[in-house]
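Spelled out, the chains give:
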Amino acid sequence: MSDAEPRPMWELEAELGEGPVWVERDQALWFVDIKKHHVHRFDPATGGRRTFDAPEQVGFVFPAEGGGFVAGLQSGLYRFDDGTGTFEQIVAVEPERSGNRLNDGVVDPAGRLWFGTMDDGETSRSGAFYCFHRGKLTATGIDGIAITNGPAVSPDGRVLYVVDTLAGTIDAADIKEDGSLGERRRFVTIDDSDGHPDGPTIDSEGCVWISLYGGWEARRYSPIGDLLQVVHFPVANITKVAFGGSDLRTAFATTARQMLSPEDIARQPLIGSLFSFGVDVPGVECPLVQL
């Protein structure tokens with residue numbers, strides 16, 4: 001494999017770095033720091049860096065049709081204008097669950113935004129997965145999860161992968177023509193001693209990359225769940241991988257300092273940085289969210 005040793009690109013000391021996504025129209029990587037209420041843009045060609053303040057905890061941003069982004073804030077989906085730095089609500093999500101927040105998401109080839117909610121205290125099994133498409137918010141029926149991660153979608157748009165972080169499981173479900181889901185099936189289980197599965201990402205061969213929180217690594221699994229590759233990091237908490245660059249062969253990874261002691265941070269001074277490493281199999285371009 002080409003150049004699979006992660007290198008720090010931005011030592012920004014993120015509390016909870018998450019949600020990296022390569023935006024083709026910008027030729028830039030966008031990601032968030034959930035706990036610091038930050039949206040970040042990184043331009044690898046120039047080294048350019050920008051940070052925007054969000055009004056609430058922000059789990060993700062994805063490029064939207066017509067320009068701008070859809071952002072997942074604690075209270076719901078918002079239109080984020082990177083020209084003005086403003087956020088305008090599209091739809092509230094779970095207004096009756098004030099202790100929940102939006103966490104992670106993905107856009108499928110049809111422009112549907114799939115995302116999860118979770119207990120901000122990371123204990124109550126109050127989280128669920130949703131789909132948003134052309135103004136309509138739909139519950140998937142996958143719920144009862146304390147910490148949701150993903151989803152991720154196969155390159156052909158036919159399979160959805162969802163993560164239950166505390167249970168250590170990644171499940172798969174077929175996506176039907178109407179956007180509803182078939183029966184869930186177990187894809188991979190991660191042993192607690194190896195860390196906790198965090199954000200999943202899928203490359204152009206349909207292989208699933210799983211980041212391990214507390215596991216010091218990211219793993220690549222085949223579409224049938226065989227472990228193909230392990231990339232080791234100099235920090236423990238890997239949250240999500242995204243593919244970018246002009247050929248989508250650069251992997252970017254977010255990391256997190258959340259809940260680490262000063263002693264832990266001293267032992268891994270790069271924790272909270274944005275990392276990158278090379279891959280042989282490219283990723284898939286992120287579609288625009290269809291509003």
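None of the values given here were measured: they were computed from a predicted structure.

Engineer: Looking at this structure, how should I read the overall build of the chain?
Structural biologist: Of the regular secondary structure elements, the chain holds one helix and 24 strands. Relative to its length of 291 residues, the chain is compact, with a C-alpha radius of gyration of 17 Å against a globular reference of 19 Å. Across its three principal axes, the chain shows a C-alpha extent of roughly 45 × 45 × 40 Å. Taken across its 291 residues, the chain has 57% of its residues classed as buried. Expressed as a percentage of contacts within the chain between residues at least 6 apart in sequence, the contacts between residues at least 24 apart total 47%. Of the roughly 11500 Å² that the chain leaves accessible, carbon and sulfur atoms contribute 47%.

Engineer: So what exactly am I meant to see when it comes to the side chain of Arg257 here?
Structural biologist: Position of Arg257 relative to the elements: it lies in the loop between β23 (250-255) and α1 (262-267). Leaving out residues up to four positions away in the same chain, Arg257 has contacts with Glu13, Ala14, Glu15, Ile265, Pro269, Ile271 and Gly272.

Engineer: How should I be thinking about unusual backbone geometry in this particular structure?
Structural biologist: A negative phi angle is the norm for most residues apart from glycine, just as the trans form is the norm for most peptide bonds. At the junction of Gly150 and Pro151, the peptide bond is cis and its omega measures out at 5° in the coordinates. Within the element layout of this structure, Pro151 appears in strand β14 (residues 148-153). Not every positive phi belongs to a glycine, and His37 is a case in point at roughly 60°. Structurally, His37 is set in the loop between β3 (28-33) and β4 (38-43). Positive phi, normally seen in glycine, also occurs at Leu248, with a value near 55°. Considering the arrangement of structural elements, one finds Leu248 in the loop between β22 (238-244) and β23.

Engineer: Looking at this model, I keep getting lost on the environment of Asp164. Mind explaining?
Structural biologist: Along the polypeptide, Asp164 turns up in strand β15 (residues 159-164). Put simply, Asp164 and Thr189 are 25 residues apart on the chain and 9.8 Å apart in space, counted from C-alpha to C-alpha. In contact with Asp164, other than residues within four places in its own chain, are Arg125, Ile145, Ile147, Thr169 and Pro197.

Engineer: I'm lost on the pairing of strand β16 (residues 169-174) in this one. Help?
Structural biologist: Consecutive side chains along a regular strand alternate between the two faces of the sheet. Within β16, five of the six residues are buried, which leaves the element mostly enclosed by the surrounding structure. Where β15 and β16 come together, six bridges link them in antiparallel fashion. Along β16, the bridge assignment pairs Val159 with Asp174. Linking β15 to β16, which pair antiparallel, is a turn of four residues; within it Gly168 sits at a positive phi near 75°. Both β16 and strand β17 (residues 185-189) contribute to a ladder of four bridges, which runs antiparallel. Bridging across to β17, Ala172 finds its partner in Arg185.

Engineer: Looking at this structure, how should I read the layout of surface pockets?
Structural biologist: Empty space left among the atoms is revealed by rolling a probe the size of a water molecule over them. Estimated volume of the largest pocket: approximately 430 Å³. Looking at the largest pocket, it is lined by 27 residues, and the ones nearest its centre are Val106, Thr201, Ile202, Val284 and Cys286. Among the secondary structure elements, those contributing two or more residues to the lining of the largest pocket are β2 (17-23), β10 (100-107), β14, β18 (196-202) and β22. Here the lining of the largest pocket is built from residues that sort into 18 nonpolar, five polar and four charged.

Engineer: Explain the packing of aromatic side chains to me, please; I cannot follow it from the model alone.
Structural biologist: Here a ring pair, both rings aromatic, is described through the centre-centre distance and the interplanar angle of the planes. With the rule as written, the count across this model stands at 19 aromatic pairs. With centroids separated by 6.3 Å and ring planes inclined at 75°, the aromatic side chains of Trp30 and Phe80 adopt a geometry described as edge-to-face. Here Trp30 is found in strand β3, whereas its partner Phe80 is found in strand β8 (residues 76-81), with 50 residues between them in sequence. Each member of the pair, Trp30 as well as Phe80, is classed as buried. Seen in terms of ring centroids, Phe69 and Phe80 are 5.8 Å apart; in terms of plane orientation they differ by 35°. Their pairing is tilted. Here Phe80 lies in strand β8 and Phe69 lies in strand β7 (residues 69-73), a separation of eleven residues in the sequence. The exposure class of Phe69 is buried, given its relative accessible area of 0%. Look at Phe80 and you get buried, because its relative accessible area is 0%. Put simply, the rings of Trp10, Trp22, Phe31, Phe42 and Phe252 touch in pairs and so form one group of aromatic residues. The ring of Phe69 is capped by Arg25, whose NZ or CZ atom sits 5.1 Å from the centre of that ring.

Engineer: Mind showing me how you'd approach the environment of Gly157 here?
Structural biologist: Secondary-structure assignment places Gly157 in the loop between β14 and β15. Take Gly157: its relative accessible area is 11%, and that puts it in the buried class. Not counting the four nearest positions on each side in its chain, Gly157 is found in contact with Pro109 and Ile175.

Engineer: How should I be thinking about the sheet that holds strand β12 (residues 127-133) in this particular structure?
Structural biologist: One key point about sheets: their strands pair by backbone hydrogen bonds, in either a parallel or an antiparallel sense. One open sheet accounts for four strands, arranged β10-β11-β12-β13; its pairing is antiparallel. At either end of the open sheet lies a strand with only one pairing partner, and these are β10 and β13 (136-145). For this sheet, the mean angle separating the axes of adjacent strands, direction not counted, is 25°. As paired elements, strand β11 (residues 113-119) and β12 share four bridges and run antiparallel to each other. Residue pairing for β12: Trp114 is matched across the bridge by Cys131.

Rules and cut-offs
- Along every chain, residues carry numbers that run from 1 in the direction the sequence is written.
- Thresholds applied to this predicted model are a pLDDT of at least 70 for local features of residues and 80 or more for the giving and counting of side-chain atom pairs; totals over whole chains, interfaces and linings are not thresholded and use all residues.
- Only hydrogens and water are set aside when side-chain values are computed; all heavy atoms of the structure are taken into account.
- What counts as a helix is a DSSP run of H or I of at least four residues, what counts as a strand is a run of E of at least two, and both are numbered from the N terminus.
- Radius of gyration here uses only the C-alpha atoms, and the compact-globule reference equals 2.2 Å multiplied by the residue count raised to the power 0.38.
- For every residue, the accessible area obtained with a 1.4 Å probe (protein chains only) is divided by the maximum for its type, and the residue is called buried under 20%, exposed over 50%, and partly exposed between those limits.
- The contact definition used throughout considers only heavy atoms, calling two residues in contact when any of these lie within 4.5 Å.
- Note on areas: Shrake-Rupley, 1.4 Å probe, and residue coverage restricted to the protein chains presented here.
- Between any two strands, pairing holds if DSSP finds at least two bridges.
- Residues are called lining when one of their atoms sits within 4 Å of a cavity or pocket point, these points coming from a 1 Å grid over the protein atoms alone, where a cavity is a set in which a 1.4 Å probe fits but cannot get out and a pocket is an open set with protein on both sides within 12 Å along at least five of seven lines.
- Grid points are joined across faces, edges and corners, and a volume is the space filled by probe spheres set on the points.
- Any residue that is not Ala, Val, Leu, Ile, Met, Phe, Trp, Tyr, Cys, Pro, Asp, Glu, Lys or Arg is counted as polar, Gly included; the first ten are nonpolar and the last four charged.
- Aromatic pairs are defined between Phe, Tyr and Trp rings, using the six-membered ring for Trp, whenever the two ring centres lie within 6.5 Å; interplanar angles under 30 degrees are classed as stacked, those over 60 as edge-to-face, and all others as tilted.
- Whether a charge sits over a ring comes down to the Lys NZ or Arg CZ being within 6 Å of the ring centre and within 35 degrees of the ring normal.
- Each axis is a line fitted through C-alpha atoms, taken for helices only over the stretch in contact, and angles between the N-to-C directions span 0 to 180 degrees.

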